[in-house]
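Inside the fold
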Amino acid sequence: MDITEFSMRALNSEVQMIDDFNFFDQKVNSFKNDLYLSPYATIKEVVLWCDVLIKYEAQIDILCQEAKNAILKKMIKINSKTIKSHFDVDEQTISVWSDYILDLIELDKRYQEVIYSFCISIDNCVRYIISYSKDLAEYEMNLPEIMERVKNLGTCHWLNMQSKTDVVGNILN
């Protein structure tokens, strides 16, 4: 394979990586948009919102795995068989490989930032429910079971127990 064909394959792969990332980013942003709650929400709306919050909080691990798989899928291309097929490595080939790896590292960081931002949104929602529950309790109102579940979620939520790097981690490690 000549350097032009190799460069085109790397470029096509990078374009596909960016498309995959953009789809992932749009999906996570739609989750964040679903977590919007009007400041004038009724208790019934808050209870329904709690269901959505619990559903999306459960998505954190899935999103982390999805991001990791997206990077690992591209890392598979950097194996000994592929490298041996470019045995006559020259400066241009090394440049293409280097750019590809740098793009993977940058993409890994972008995935981490999207997931981290989503986790912050979830955590803010949990904190809102904890505050909301305290306000209801002040007026001696019984809390719906779902709100208790969200309140308890706050005591074991990822931000309260682990650092960002423990949860999201460096995907390339």
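Remember, predicted model here, so these are calculated numbers, not experimental data.

Quick look at the environment of Q112 now. Among the secondary structure elements, Q112 is positioned in helix α5 (residues 91-138). Looking at Q112, the relative accessible area reads 13%, which means it is buried. Separated by 44 residues in sequence, Q112 and K68 have C-alpha atoms that sit 9.3 Å apart.

For the rest of this paragraph, the subject is the pattern of salt bridges. Taken as a whole, this structure holds 2 salt bridges when the rule is applied. The salt bridge partner of K27 is E66, with a shortest N-O separation of 2.6 Å. Of the two residues, K27 is situated in helix α1 (residues 3-34) and E66 in helix α3 (residues 59-75); the sequence distance between them amounts to 39 residues. Overall, the relative accessible area of 24% leaves K27 in the partly exposed class. According to the relative accessible area criterion, E66 is partly exposed, its value standing at 26%.

The next thing to look at is helix α2 (residues 43-57). Here α2 is 15 residues long and its end C-alpha atoms lie 20 Å apart, about the 21 Å a rise of 1.5 Å per residue gives. Three or more residues of α2 are buried, namely V46, W49, C50, L53 and Y56. Within α2, the buried residues cover an arc of 130 degrees as seen down the axis, which keeps them to one side. Within α2, the exposed residues directed more than 90 degrees away from the buried face are K44 and K55.

Here the structure, examined in full by the defined rule, presents 6 aromatic pairs. Members of the aromatic cluster, connected to one another through ring pairs, are F21, F24 and Y111.

Before going further, it helps to examine the nonpolar core. The biggest cluster of nonpolar side chains holds 37 residues, and the ones touching the most others in it are F24, L35, V46, L53, Y111, F118 and I122. For this core, the secondary-structure elements that each account for two or more residues are α1, α2, α3, α5 and α6 (145-155). The residues contacting L35, other than those within four sequence positions of it, are W49, V52, L53, Y56, F118, I122 and C125.

Below, the discussion takes up α5. With 48 residues, α5 extends 70 Å between its outermost C-alpha atoms, agreeing within 8% with the 70 Å of an ideal straight helix rising 1.5 Å per residue. Positioned one or two residues after α5, E140 has a phi angle of 55 degrees, which is positive.

In this section: the packing of α3 against α5. Their axes nearest at 10 Å, the elements α3 and α5 cross at an angle of 175 degrees. Between α3 and α5, the crossing angle belongs to the class labelled roughly antiparallel. Each of I60, L63, C64, A67, A70, I71, K74 and M75 in α3 lies in contact with α5, whose residues at this interface are Y100, L104, L107, D108, Y111, I115, F118, C119 and I122. Across the contact of α3 with α5, the residue classes break down as 15 nonpolar, no polar and 2 charged.

Conventions we followed
- Residues numbered from 1 in each chain as written.
- Predicted model: local features only at pLDDT ≥ 70, side-chain atom pairs only at ≥ 80, totals over all residues.
- Heavy atoms only, no water.
- Helix = DSSP H or I, 4+ residues; strand = E, 2+ residues; numbered from the N terminus.
- Buried < 20%, exposed > 50% of the residue type's maximum accessible area, 1.4 Å probe, protein only.
- Salt bridge = Lys/Arg side-chain N within 4 Å of Asp/Glu carboxyl O.
- Expected span 1.5 Å × (residues − 1).
- Arc of directions from axis to C-beta.
- Phe/Tyr/Trp six-rings, centres within 6.5 Å; stacked < 30°, edge-to-face > 60°.
- Core = buried A, V, L, I, M, F, W, Y, C linked by side-chain atoms within 4.5 Å.
- Contact = heavy atoms within 4.5 Å.
- Axes fitted to C-alpha atoms, helices over the stretch in contact; angles between N-to-C directions.
- Parallel < 35°, antiparallel > 145°, perpendicular 65-115°, else oblique.
- Nonpolar A, V, L, I, M, F, W, Y, C, P; charged D, E, K, R; others polar.

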